[in-house]
Amino acid sequence: MLIDFFLKLKSAKVPVTTKEYLMLIEGMQKGVVGSSIDDFYYFSRTCLVKDEANFDKFDRAFGEYFKGVEAIMGVEADIPLEWLRKQAELNLSPEEKAKIEAMGGWEKLMETLKKRLEEQKGRHQGGSKWIGTGGTSPYGAYGYNPEGVRIGQEGSRNRSAVKVWDKREYQNLDDQVELGTRNIKIALRRLRRFARDGAPEELDLDGTISSTARKAGMLDILMRPERHNKVKVLLFFDIGGSMDDHIKLCQEMFSAAKTEFKHMEYFYFHNCLYDYVWKDNRRRHSERTPTVDILHKYGHDYKLIFVGDATMSPYEILQPGGSIEYSNDEAGAVWMRRMLDTYPKAVWLNPEPEQLWPYRQSISVIRELMEARMYPITIEGLERAMRYLSK
Amino acid sequence: MRFHGSANYISTDDLTLAVNAAVTLQRPLLIKGEPGTGKTMLAEEVAKALEVPIFEWHIKSTTKAQQGLYEYDAVSRLRDSQLGDPRVHDINNYIVKGTLWEAFNADEPVVLLIDEVDKADIEFPNDLLRELDRMEFYVYETHELVKAKHRPIVFITSNNEKELPDAFLRRCFFHYIRFPDKETMEKIVDVHFPGIKKHLLREALEVFFEVREVPGLKKKPSTSELLDWLKLLLADDIPPEALRSKDKKTIIPPLHGALLKNEQDVHLFERLIFMSRHNR
């Protein structure tokens, strides 16, 4: 029973397990849902999907699986006439009603509508004849024709069943989309490692109790050091040029990282890493930090994060003298490799969408240099990156 | 026992079904949604509608799973032993029952609310797996097995600040409370302010959804903010016309501080309005 449905969800990459499938069957057996396909949709979603980010995937898979079924159940184009009339009358002003009269009256309008419904095979949007949304046909919703009959506009409970998942309302909850400061912080929080070291200045209550008990009730106060996030992070931001499109995202990323990590150092570079970086963008030419100094100053246990779109000419990475700012003696790739040798835990975060990467040669080059540890700046991408770094 | 919404709470079809499924199959129901969409209120209203008592356990970042079961008050016992109090010989005097224990002990089915589960440590939900699955736990100090007399109806709310472990999710039903559409919103307002003028309400909702659509807001106003705002509008007896005033000086909606809780948002909002005024 419903095994195909279960497998369909699996192949649509909705994370479902046998336990949940059995729960679904149990619910069906106990009659949680009647024969309504709407109820079944809601129940199976409640039962099988545990993250609103997966709702959209589920909706699509559900729609595909039940495509044939709705036809059998006869819900297609089955809009109760009574409801339409009531709804439309509510929405019409006296002047509009007069216009309907001019078009041959309500009955005629409804008759034409019925005929159109029969003619029309699929969903429709725009245009001026078919029933759908956003057009100028008198039949449909959100249109401009004052004589319009509203069909399938928000709030209708009698909407044909399939539309509930056809609407794909949860599209923007998908975790592939980009994010705000709060989300970034949450994602960065994966990269936490608490440790107690330093001066003992916090009362260790449990220790005090057990120590006091062991000394037959003589009070023996124990102290311990406070818990800190021990993770250390080196951040390198690409700045200027093609990164201008991503300034807002980088700002958010930066402010989130700054509050999340106690040991965090950041530097700027342009396009690719060469023999110097800088900390203040306004004084980039006077106050530079040689990259060698960074390699020597910060230990191997620092985690390395590059933020950049890696969009440039491949020469800027591979050739000595390729930098667009000055003549560099060694190629960017050499510097990248030096960094990666010193800091084995390193990732590159790219604000460009992942689908775009294969089409830019320089992105592929950097990605190869990073041994595929390049992640998009989305909730899901950040989480993958942090999971790798905290391993 | 079936839930159909209540006089104070508008429940959408899918939410009603999720609640009833959780009640029938005796599984915990995990509720997520934007802040202010009535996640916590749901448990209270279900308890009221089904006429059963409710036990609430509010989670903080420092809450441990053990605190919901029981705590052994060693400090009191130590003090009593120093004072020679005879109570010290019975360890049961120092076992403090937690919310879960109280709920398990009830003589009738009850509603148990575990509020904001995502605030706690990442391991917190994992520590409650067996307790929520089998509805029982073991008290090591007294060698006693506490088993629920009736499986409580468990509601768990989350604001999505931390990802919950898979093993935990597998044992729950899940429902995401969507932000209500205009029609549902009208019903919600109707429940809270039965006498509100239709005209004022329509204008207010219009303004409210417009404010929600302002791009770049850090915290979009939610249902609870709308209700607060309406309360203020009613208290100040603001006429509906004032909300949609064509007078360009007063185009900022009155009392908008109730809708926007963030200084930056208020600035952004005022700036946008200022700009649109100049473009005209």
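About the thresholds
Residues numbered from 1 in each chain as written. Chains lettered and ligands numbered in written order. Predicted model: local features only at pLDDT ≥ 70, side-chain atom pairs only at ≥ 80, totals over all residues. Heavy atoms only, no water. Helix = DSSP H or I, 4+ residues; strand = E, 2+ residues; numbered from the N terminus. Buried < 20%, exposed > 50% of the residue type's maximum accessible area, 1.4 Å probe, protein only. Contact = heavy atoms within 4.5 Å. Areas by Shrake-Rupley, 256 points an atom, 1.4 Å probe, with all protein chains shown as cover. Buried area = accessible area lost by both parts, 1.4 Å probe. Salt bridge = Lys/Arg side-chain N within 4 Å of Asp/Glu carboxyl O. Polar contact = N/O pair within 3.5 Å; in protein donor to acceptor, adjacent residues only side chain to side chain. Phe/Tyr/Trp six-rings, centres within 6.5 Å; stacked < 30°, edge-to-face > 60°. Lys NZ or Arg CZ within 6 Å of the ring centre and 35° of its normal. Core = buried A, V, L, I, M, F, W, Y, C linked by side-chain atoms within 4.5 Å. Pairing = 2+ DSSP bridges. pLDDT = per-residue confidence, 0-100. Axes fitted to C-alpha atoms, helices over the stretch in contact; angles between N-to-C directions. Right-handed = clockwise from strand over helix to strand, strands pointing away.

Asker: How should the overall build of chain A be read in this particular structure?
Answerer: Counting its regular elements, chain A contains 17 helices and 11 strands. Within the span of chain A, comprising 391 residues, buried residues form 46% of the whole. Counted over contacts in chain A with a minimum sequence separation of 6, partners at least 24 positions apart contribute 65%. Of the roughly 20,500 Å² of accessible surface on chain A, 51% is carried by carbon and sulfur atoms.

Asker: Hey, could you run me through the interface of chain A and chain B in this one?
Answerer: Where the parts come together, the accessible area they lose is often given as the size of the interface. With 35 residues of chain A at the interface, the matching set in chain B holds 31 residues. For the pairing of chain A and chain B, the buried interface totals around 3,100 Å² over both sides, and the portion due to carbon and sulfur atoms is 56%. The interface formed by chain A and chain B includes five salt bridges. A salt bridge links Glu 26 of chain A to Arg 27 of chain B; the nearest nitrogen and oxygen atoms lie 3.5 Å apart. Scanning the region where chain A abuts chain B turns up seven residue pairs in polar contact (both at pLDDT 80 or more). Among the elements of the structure, helix H2 (18–29), helix H3 (37–48), helix H10 (181–188) and helix H11 (205–214) of chain A are those that each provide at least two residues to the side of chain A that touches chain B. For the side of chain A that touches chain B, the leading source of residues is H3 of chain A, giving six residues.

Asker: Teacher, can you tell me more about the packing of aromatic side chains here?
Answerer: Aromatic rings considered in pairs are described by the distance between their centres and by the relative angle of their planes. Residues and elements named next belong to chain A. What the rule picks out here adds up to 32 aromatic pairs over all chains. Taken together, a centroid distance of 5.3 Å and an interplanar angle of 45 degrees make the contact between Phe 5 and Tyr 65 tilted. Here Phe 5, found in helix H1 (residues 3–11), pairs with Tyr 65, found in helix H4 (residues 55–65); they are 60 residues apart in sequence, far enough to count as distant. Under the relative-accessibility criterion, Phe 5 is labelled buried at 1%. The partly exposed category is assigned to Tyr 65, whose relative accessible area is 28%. The side chain of Lys 279 reaches across the aromatic face of Tyr 266, ending 4.6 Å from its centre. Here the basic side chain of Lys 279 rests over the ring of Phe 267, its NZ or CZ set 5.2 Å away from the ring centre.

Asker: What is the right way to look at unusual backbone geometry in this model?
Answerer: Leaving glycine aside, a negative phi is the common case for residues, and trans is the common case for peptide bonds. Of note in the backbone geometry, Asn 271 of chain A takes a positive phi value of approximately 65 degrees without being a glycine. Considering the arrangement of structural elements, one finds Asn 271 of chain A in the loop between strand E6 (263–269) and strand E7 (276–278). Although it is not a glycine, Glu 51 of chain B adopts a positive phi angle of roughly 55 degrees. As for its position among the elements, Glu 51 of chain B is in the loop between helix H2 (39–50) and strand E2 (54–58). Taking relative accessible area as the criterion, Glu 51 of chain B reaches 70% and is therefore assigned exposed.

Asker: What's the story with the side chain of Thr 99 of chain B in this structure? I'm lost.
Answerer: Within the secondary structure, Thr 99 of chain B is located in helix H5 (residues 99–105). When near neighbours in sequence (up to four residues on either side) are disregarded, Thr 99 of chain B contacts Phe 55, Glu 56, Trp 57, Gly 68 and Leu 112 of chain B.

Asker: Explain the nonpolar core here, please?
Answerer: In a soluble, globular protein the nonpolar side chains are often hidden away together inside. If you look at the biggest cluster of nonpolar residues, it comprises 82 residues, and the most contacted ones within it are Phe 43 of chain A together with Phe 155 of chain B. When residues of this core are assigned to their parent elements, the largest contribution, eight residues, is made by helix H1 (residues 13–25) of chain B. Those residues within four positions of Phe 155 of chain B in sequence are excluded, and the remaining contacts are Val 19, Leu 29, Leu 42, Ala 43, Val 46, Val 111, Leu 112, Leu 113 and Ile 114 of chain B. Ala 187, Phe 254, Ala 257 and Ala 385 of chain A belong to the second-largest nonpolar core, a separate cluster that totals 32 residues.

Asker: Help me understand the pairing of strand E6 (residues 136–139) of chain B in this model?
Answerer: All names here are of chain B. Where E6 meets strand E7 (residues 144–147), four bridges bridge the pair, whose relative direction is antiparallel. Pairing of Val 139 across the sheet is with Glu 144, part of E7. Linkage of E6 to E7, two consecutive antiparallel strands, is achieved through a turn of four residues, within which His 143 is found at a positive phi near 50 degrees.

Asker: How should the pattern of salt bridges be read in this particular structure?
Answerer: Charged atoms that come close allow side chains of opposite charge to pair. Residue and element names in this part refer to chain B. Scanning the model with the defined rule gives 30 salt bridges over all chains in all. For Glu 45, the salt bridge identified is with Lys 48, shortest N-O distance 3.5 Å. Taken together, the positions of Glu 45 and Lys 48, both in helix H2 and three residues apart, correspond to about one turn of that helix. Accessibility expressed as a relative area gives 4% for Glu 45, which makes it buried. The salt bridge involving Arg 134 is made with Glu 136; its shortest N-O contact spans 3.5 Å. With relative accessibility at 5%, the residue Glu 136 sits in the buried group. Taken together, the shared-partner salt bridges in this structure form one network comprising Arg 130, Arg 134, Glu 136 and Lys 147.

Asker: I'm lost on the confidence of the model for chain A in this one. Help?
Answerer: The predicted coordinates should not be examined in detail at positions where pLDDT is low. Per-residue pLDDT for chain A has a mean of 73; in total, 68% of the residues score no lower than 70. Below pLDDT 50 for its whole length, residues 122–162 of chain A participates in 92 contacts with residues either more than four positions away or in separate chains.

Asker: Just to check I follow, could you spell out the confidence of the model for chain B for this structure?
Answerer: Residues at a pLDDT of 70 or more form 95% of chain B, whose mean pLDDT is 84. Across the assembled chains, the prediction reports ipTM 0.77 with pTM 0.60.

Asker: Would you mind showing me how to read the sheet that holds strand E1 (residues 29–33) of chain B here?
Answerer: Sheets are built from strands that pair by backbone hydrogen bonding, the pairs being arranged parallel or antiparallel. Read across the sheet, five strands follow the order E2-E5-E8-E1-E9 (chain B) without closing on themselves; strand pairing throughout is parallel. If you trace the sheet from one side to the other, it starts and ends with E2 and strand E9 (173–177) of chain B, each paired once. Taking each pair of neighbouring strands and ignoring which way they run, the sheet shows an average axis angle of 20 degrees. Across four bridges, the pairing between strand E5 (residues 111–115) of chain B and strand E8 (residues 153–158) of chain B is parallel. Residue pairing in the sheet places Val 111 of chain B in a bridge with Ile 153 of chain B of E8 of chain B. H3 of chain A contacts E1 and E9 of chain B of the sheet and is inclined by roughly 110 degrees relative to E9 of chain B. Packing against the sheet, H2 of chain B makes contact with E1, E2, E5, E8 and E9 of chain B, and its axis sits at approximately 165 degrees to E8 of chain B.

Asker: Before we go on, may I ask you to explain the pairing of E6 of chain A in this structure?
Answerer: When a strand is regular, its side chains alternate between the sheet's two faces. Residues and elements named next belong to chain A. In terms of burial, E6 is a largely internal element, five of the seven residues being buried. Direction of pairing for strand E5 (residues 232–238) relative to E6: parallel, over a ladder of seven bridges. Across the sheet, the residue bridging to Lys 232 is His 263, located in E6. The β-α-β motif built from E5, the intervening helix H12 (residues 247–260) and the parallel element E6 has right-handed crossover chirality.

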